[in-house]
Amino acid sequence: MSRVQWATHAPASPPTASSWEHLRICPQGYTCCTSEMEENFANKSRSEFEAMMKEAGRSVQTILTAQYRSFDNYFQDLLNKSEKALYDTFPSLYGELYTQNTKVFKDLYSELRRYYRGSNINLEEALNEFWTRLLERLFKLMNAQYHITDEYLDCMVKHAEQHKPFGEVPRDLKVKATRAFIVARSYAQGFLVGSDVVKKVSQVSLSHECTRAVMKLMYCPHCRGMASVKPCSNYCLNVVKGCLANQADLNTEWKYLMDALVAVADRIDGPYNVDTVIGTIHMRISEAISNLQENKDSITAKVFQGCGNPKISTKGSSSEDKKRRGKVTLEAKSSAVALEMLVLDAKGNLTALKSYWVTLPGVLCSKKVMASAAADDKCWNGMTKGSYLPEVMGDGLANQINNPEVEVDITKPDMTIRQQIMQLKIMTNRLGNANMGNDVDFQDASDDMSGSGSGDSCPDDVCGKRLSKSPSTRQPETHAIPKQSGHGVIGASSRSLPSAFLLFLLGASIAVQHLWR
């Protein structure tokens, strides 16, 4: 809301100051205001300044949520097209080898989606399970003339895997798909966490001291008969910097998060090649099945040698294996250009938002309060019309110790904001691990995937619920608390602190919050 808009809501002031009334906020002297009017102005200034903060926050939330939705739509579409291509082509290519095992393929794509949405699934374990189940079913179908028990299948898997029945596809796909999904889900959640932090911080109420300072900035000129006089620019900056001292302390971790998202975006469109890996999953599965068919005789002979010859089945043999031989080339339409444009747009927005918290006072003063030029000697300086002499304070809580306009207790940081700083650290750490290809166990998917255009919790169709899986040989790294220390791009060892120590810090900060209350 601009200063012109604010003025339209103010009670009509007499043309000249004539009465003498003791005011608690505005300078003493002849005034157009009564004590009641001053109190009304104070309440109005508080609500309007908080509304300005929420409006500024919503613009940032809109940008971050739009980036999340753009990437989420792209990624889900990529996965959907791969699944559809599998369903469309496999029946004619593989006959009963596919039609009798459709659930195996559906379960794979279902697990991949749930992992992306934040479920606590070990992705390597899920892929290993897929290949094991597929091998069991295909081996049984391709040797339908034999009676193969579950115990025999267990033995078969142990012997067959030594001879790579699917070729190098399972190992290669596991490495590439795991990296692609790790960066994809961390990237998507990074935008949601950023949006949620902005929402929560924008809802922090003004202190009593800040309310007085904003009232003095905006409405005391009215009480002195100077409604048309704009506040001095540096005066406005000191007021707003004092009021948003805690918010400015988000700056360091906020910049780390923006840098982390940019770094992961480069991975998505670069080494981890999300477009190619995710869009061709069905093709890699087809390649694997072809390898198994081509090596069926040698694989079967080695299994029989290690596990013994199974009994002949009374049901007879199947001719499905003879339906096709050799590799089939499936086509996949590339959406690399779309991904490149999506990443470029995201990087531009992330770079523009890096300094949001420290530039916010200047933005509010210039665009909302309509402060006068810094060199103007005919602006409202808090007492009268004239120049403003005090220097402008630095950013953050510690720099407000000598703020001439707002009394700020630098020993009592706002605990809501401190908790959001911790959330930024946690998400930055997750992105750092994703950037290096390391999986992270998202401890609470419902919290991690919170956020939407309106800042509400993430809907069920976007966020999956936590599911527990049996442990695999390689567990995801669990980092509920991020590594933090030093500067630079995420993932560096210099930003590493023990998780237990940071958990202690978070618990201590919450305890202190209750003590201060």
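Not measured: the values here are computed from a predicted model.

(A) Seen up close, the pattern of salt bridges. Overall, the coordinates contain 18 salt bridges when judged by the stated rule. A salt bridge links glutamate 168 to arginine 171; its shortest N-O distance comes to 3.3 Å. Linking aspartate 172 and lysine 176 is a salt bridge whose minimum nitrogen-to-oxygen distance equals 3.5 Å. Taken together, the residues aspartate 172 and lysine 176, both in helix H7 (residues 169–202) and four residues apart, mark about one turn of the helix. The class for aspartate 172 is buried, based on a relative accessible area of 17%. Since its relative accessible area comes to 40%, lysine 176 is described here as partly exposed. Here the salt bridges share partners, and the residues they tie into one network are Asp172, Lys176, Arg284 and Glu287.

(B) Seen up close, the packing of aromatic side chains. Under the counting rule described, the total for this entry stands at 19 aromatic pairs. Considering the side-chain rings of phenylalanine 130 and tryptophan 131, the 4.9 Å spacing of their centres and the 65 degrees angle between planes classify their relative orientation as edge-to-face. Residue class for tryptophan 131 comes out buried when judged on its relative accessible area of 7%. Seen from the ring of tyrosine 115, arginine 185 lies directly overhead, with NZ or CZ sitting 3.9 Å from the centre. In this arrangement the basic side chain of arginine 267 is found over the ring face of tyrosine 272, its NZ or CZ atom lying 5.2 Å from the centre.

(C) Inspection of the state of the cysteines at higher detail. Summed over all chains, the structure comprises six disulfides. Here cysteine 232 engages in a disulfide with cysteine 379; their sulfurs sit 1.9 Å apart. Measuring handedness by torsion sign, the sulfur bridge of cysteine 232 and cysteine 379 sits at about 90 degrees and is right-handed. In this pair, cysteine 232 sits in the loop between helix H9 (220–223) and helix H10 (233–243) while cysteine 379 sits in strand E5 (residues 379–380), placing the two residues 147 residues apart along the sequence. Relative accessible area serves as the criterion here: at 0%, cysteine 379 is assigned to the buried category. Between the sulfur atoms of cysteine 236 and its disulfide mate cysteine 365 the distance is 2.1 Å. Taking the sign of the torsion about the S-S bond as the criterion, the disulfide between cysteine 236 and cysteine 365, at about -95 degrees, is left-handed.

Thresholds applied
- Residues numbered from 1 in each chain as written.
- Predicted model: local features only at pLDDT ≥ 70, side-chain atom pairs only at ≥ 80, totals over all residues.
- Heavy atoms only, no water.
- Salt bridge = Lys/Arg side-chain N within 4 Å of Asp/Glu carboxyl O.
- Helix = DSSP H or I, 4+ residues; strand = E, 2+ residues; numbered from the N terminus.
- Buried < 20%, exposed > 50% of the residue type's maximum accessible area, 1.4 Å probe, protein only.
- Phe/Tyr/Trp six-rings, centres within 6.5 Å; stacked < 30°, edge-to-face > 60°.
- Lys NZ or Arg CZ within 6 Å of the ring centre and 35° of its normal.
- Disulfide = S-S within 2.5 Å.

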